[in-house]
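Breakdown of the fold
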Amino acid sequence: MNTTDYQKIIRQTTFALSAPTLKLCPDDTGFEVAFAGRSNAGKSSAINTITHQKQLARSSKTPGRTQMINFFHVGDPSRRMVDLPGYGYAQVPEGMKIKWQKELEDYLVNRQSLTGLILLTDIRHPLKYFDEQMLHWAKDGKLPVHILLTKSDKLKFGASKTALLNTEKQLKKLGLPFSIQLFSALNKIGIDELSQVMGDWLDLASIQ
Ligand SMILES: Nc1nc2c(ncn2[C@@H]2O[C@H](COP(=O)(O)OP(=O)(O)O)[C@@H](O)[C@H]2O)c(=O)[nH]1
Ligand SMILES: [Mg+2]
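Residues numbered from 1 in each chain as written. Chains lettered and ligands numbered in written order. Predicted model: local features only at pLDDT ≥ 70, side-chain atom pairs only at ≥ 80, totals over all residues.

A look at the overall build of the chain
Stated precisely, the cut-off is as follows: In DSSP terms, a helix is any run of H or I states spanning at least four residues, a strand is any run of E spanning at least two, and both are numbered starting from the N terminus. For the radius of gyration, the atoms used are the C-alpha atoms, and the globule rule reads 2.2 Å times the number of residues raised to 0.38. The burial label depends on the number of other C-beta atoms within 10 Å of a residue's C-beta. Counts of 20 or more mean buried, 12 or fewer mean exposed, and intermediate counts mean partly exposed, with C-beta atoms placed from the backbone. Contacts are defined on C-beta atoms placed from the backbone: any two residues whose C-beta positions lie within 7 Å are in contact.
Of the regular secondary structure elements, the chain holds six helices and seven strands. Each helix and strand of the chain, placed in order from N terminus to C terminus, yields the pattern α-β-β-α-β-β-α-β-α-β-α-β-α. Scaling as 2.2 N^0.38, a compact globule of 208 residues should have a C-alpha radius of gyration of about 17 Å, and the chain matches this with 16 Å. In terms of overall dimensions, the chain has C-alpha extents of about 45 × 45 × 35 Å along its principal axes. Among the 208 residues that make up the chain, the fraction classed as buried is 37%. Taking the contacts inside the chain whose residues are at least 6 apart along the sequence as the reference set, 77% of them involve residues at least 24 apart.

Structural data, given as structure tokens:
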């Protein structure tokens, strides 16, 4: 299938459920792709952009529920997209952060249906501590990673190319399977590339 076919299915994404912990997530069957990034990296915006739905990833974003893990069905319930909360909320107590990190690690390493990690990082300051931790766990879980350098509209063309090359160089040192692209929810840049990766990872070609 090509990206246009994938995009038709991805547009039909629906909200499935919010879970407070990964222990309450859907059965570990089918195919799952996770979106991760520090808070404010642009996860919700990217999910809304790629699905062409204005409110999809924000629908459950009510105060006090910011730490919920949101699941979406892509085409059918056996293909899921997950919005994993990032760290970075100053008001979250340290103990909770540590508990959440352990959960994240367990999820990335042990979740069988998880076929890939989409890691979003702001193009102006890519690969911070959170991102490196996620990459480390993805490597442990033998999980391919697709990096989105988000908010690429914030930099001029030349500067964003430089950021792309520099980040790529850094990633190569880590020795894990990865791909990387520019993304802008504002300018709708990078939808085709992202749809292709998601479609392949979710095996959308086999949906009837
Ligand atoms: N300029 C620009 N701002 C963006 C883009 N994507 C997200 N933002 C802004 O960045 C902030 C955080 O975005 P959000 O999607 O909620 O991030 P999340 O916390 O990772 O879900 C919001 O104010 C968005 O409007 C983008 O592509 N370009
Ligand atoms: Mg969000």
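Notes on helix H4 (residues 129–140)
In plain terms, the rule: To estimate how far a helix should extend, the number of its residues minus one is multiplied by 1.5 Å.
Taking 1.5 Å per residue, twelve residues should reach 16 Å; H4 reaches 17 Å between its end C-alpha atoms and fits that length. Contacts from the buried residues of H4 go to strand S2 (31–36), helix H3 (94–110), strand S5 (114–122) and strand S6 (145–150).

A closer look at the packing of H3 against H4
As a reminder, the rule being used: A fitted line through C-alpha atoms serves as each axis, taken over the contacting stretch for helices, and the angle formed by two N-to-C directions is quoted from 0 to 180°. Working rule for handedness: look at the near helix, and if it is turned counterclockwise from the far one by less than a right angle, call the crossing left-handed; if clockwise, right-handed. Side-chain classes follow a simple rule in which Ala, Val, Leu, Ile, Met, Phe, Trp, Tyr, Cys and Pro form the nonpolar group, Asp, Glu, Lys and Arg form the charged group, and the remainder, Gly included, forms the polar group.
The contact between H3 and H4 brings their axes to 7 Å, and the two run at 35°. For H3 against H4, the interelement crossing comes out right-handed. Packed against H3, whose contacting residues are Leu104, Glu105, Leu108 and Val109, the element H4 presents Trp137, Ala138 and Asp140 at the interface. Tallied by class, residues from the contact of H3 with H4 come to five nonpolar, no polar and two charged.

A look at the site of ligand 1
Operational definition: Near residues are defined by distance alone, with the backbone-placed C-beta atom required to lie within 6 Å of the molecule or strand.
Taken together, 15 residues sit near ligand 1, with Gly42, Lys43, Ser44, Ser45 and Ala185 positioned nearest. Sort the elements by how many residues they give to the shell around ligand 1 and helix H2 (residues 43–51) lands first, with three residues. Grouping the constituent residues of the shell around ligand 1 by class yields three nonpolar, eight polar and four charged.

A closer look at the packing of helix H1 (residues 3–10) against helix H6 (residues 191–201)
The criterion, for reference: Here the word oblique covers every angle except those under 35 degrees (roughly parallel), over 145 (roughly antiparallel) and from 65 to 115 (roughly perpendicular).
It is at 9 Å that the axes of H1 and H6 come closest, and there the two elements cross at 80°. Taken together, the axis directions place H1 and H6 in an arrangement best described as roughly perpendicular. Note on element contacts: H6 touches H1 through Asp192, Ser195, Gln196, Met198 and Gly199, opposite Thr3, Tyr6, Gln7 and Ile10. Looking at side-chain class alone, the contact of H1 with H6 contains three nonpolar, five polar and one charged residues.

Notes on the sheet that holds S2
Formally: Note: two strands are recorded as paired if DSSP finds a minimum of 2 bridges between them.
The strand order across the open sheet formed by seven strands is S1-S3-S4-S2-S5-S6-S7, and the pairing between neighbours is mixed. Both edges of this open sheet fall to strand S1 (14–19) and strand S7 (178–182), since each of them pairs with a single strand only. Ignoring strand direction, the axes of neighbouring strands in this sheet form an average angle of 25°. As paired elements, S1 and strand S3 (residues 69–74) share five bridges and run antiparallel to each other. Within S3, the residue paired with Ser18 across the bridge is Asn70. Running at roughly 165° to S5, H4 makes contact with S2, S5 and S6 of the sheet.

So, the pairing of S5
Within S5, eight of the nine residues are buried, which leaves the element mostly enclosed by the surrounding structure. Strand direction decides the pairing type here: S2 and S5, joined by five bridges, are parallel. Paired with Val33 across the bridge in S5 is Gly116. As judged from the six bridges shared by S5 and S6, these two strands associate in the parallel manner. From the neighbouring strand, Leu119 faces S6, where its bridge partner is Ile147.

Everything listed here is a matter of geometry and, on its own, says nothing about what the molecule does.
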